[in-house]
Structures are given as structure tokens and as C-alpha cells.
Amino acid sequence: ECRTGHILSSGINAEYGGYGFTHLPTSPGFHKITCPTWNLTGGMMEQVQSYFVGSGPQLLKEDLIASGADRFRLQTIASGTVYLSLFIVTRNFAKFGIEA
């Protein structure tokens, strides 16, 4: 699960700029991963509000990001790609039931 965004100047609220999902590798070593992200567009009223107020619609149930079960019902637009460079260490993977 990947969420991009920023914290508002008050420091209290976070506003997400995009959502994304990608699988992490279970094999050890260095990996470069891309995670495409998307934003909710909502209906016409939400788009007008987003234009004037600056905040767009946000997910109420964040489990939709990874599950994909009802994600096809969402109105979205591509918002970019997050590039990750990871070095995976597989210590104790077997202990937690993860096959490397």
C-alpha cells in the first residue's frame, strides 16, 4: 500500500495526494520497484470543490487500496509513480510463514 501526500500547515491533518499498491519481493537482495498511484476524482461537484477549495475526495475505507474488490467502482485519475529502491533481508522469513 502506498499513499502520497502532505501535512497541512497546522501540522494536524494529512491530505493524501494519491493512492497506490504494489507487491514487495520476498527474495533477498536489491530491488527497484515502481508503484503507480491514482487519485479519486469523484463526481462533478467534488471536482468543482477540489478546484476551489484545494482538497479532493479521500477514501473512507482504505482497505480498498490493496484488496481491489470494489476498487473498480471508484472514479480515478492517474497521479504519478513512486519509485522505490529496496534492499531485502530475509532473516526470519520462515518463522513468519513467508517463503523466499
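Everything quoted here is computed from the prediction, not taken from an experiment.

Visitor: Whenever I open this one, the overall build of the protein confuses me. Can you help?
Guide: Looking only at helices and strands, one finds two helices and four strands in the protein. Ordering the α and β elements of the protein from the N terminus gives β-β-β-α-α-β. Across the 100 residues in the protein, those meeting the buried criterion constitute 19%. Of all intrachain contacts in the protein linking residues separated by at least 6 positions in sequence, the fraction that spans at least 24 positions is 59%. Of the roughly 7,500 Å² that the protein leaves accessible, carbon and sulfur atoms contribute 56%.

Visitor: Help me understand the nonpolar core, please; the structure alone is not making it clear to me.
Guide: Note on soluble globular proteins: their nonpolar side chains tend to be buried together. Within the largest apolar cluster, six residues are counted, these being Tyr19, Trp38, Leu40, Leu59, Leu64 and Ile65. Elements with a minimum of two residues in this core: β3 (29–40) and α2 (64–67).

Visitor: What is the right way to read a nonpolar patch on the surface from this model?
Guide: Taken together, the side chains of Met44, Val48, Tyr51, Phe52 and Val53 make up a nonpolar region of the molecular surface, amounting to roughly 630 Å² of accessible area. Its location among the elements puts Val53 in helix α1 (residues 44–53). The class of Val53 is exposed, set by a relative accessible area of 58%.

Visitor: Just checking my understanding: could you explain the side chain of His31 for this structure?
Guide: Counting through the fold element by element, His31 comes out in strand β3. Since its relative accessible area comes to 17%, His31 is described here as buried. From its side chain, His31 meets the backbone oxygen of Ser27 in a polar contact 2.9 Å long. Each residue touching His31, except ones within four places of it in the same chain, is listed here: Pro25, Leu84, Ser85, Leu86 and Ile88.

What counts, and at which threshold
- Residues numbered from 1 in each chain as written.
- Predicted model: local features only at pLDDT ≥ 70, side-chain atom pairs only at ≥ 80, totals over all residues.
- Heavy atoms only, no water.
- Helix = DSSP H or I, 4+ residues; strand = E, 2+ residues; numbered from the N terminus.
- Buried < 20%, exposed > 50% of the residue type's maximum accessible area, 1.4 Å probe, protein only.
- Contact = heavy atoms within 4.5 Å.
- Areas by Shrake-Rupley, 256 points an atom, 1.4 Å probe, with all protein chains shown as cover.
- Core = buried A, V, L, I, M, F, W, Y, C linked by side-chain atoms within 4.5 Å.
- Patch = residues over 30% accessible without salt bridge, like charges linked within 9 Å, V, L, I, M, F, W, Y side chains within 5 Å.
- Salt bridge = Lys/Arg side-chain N within 4 Å of Asp/Glu carboxyl O.
- Polar contact = N/O pair within 3.5 Å; in protein donor to acceptor, adjacent residues only side chain to side chain.

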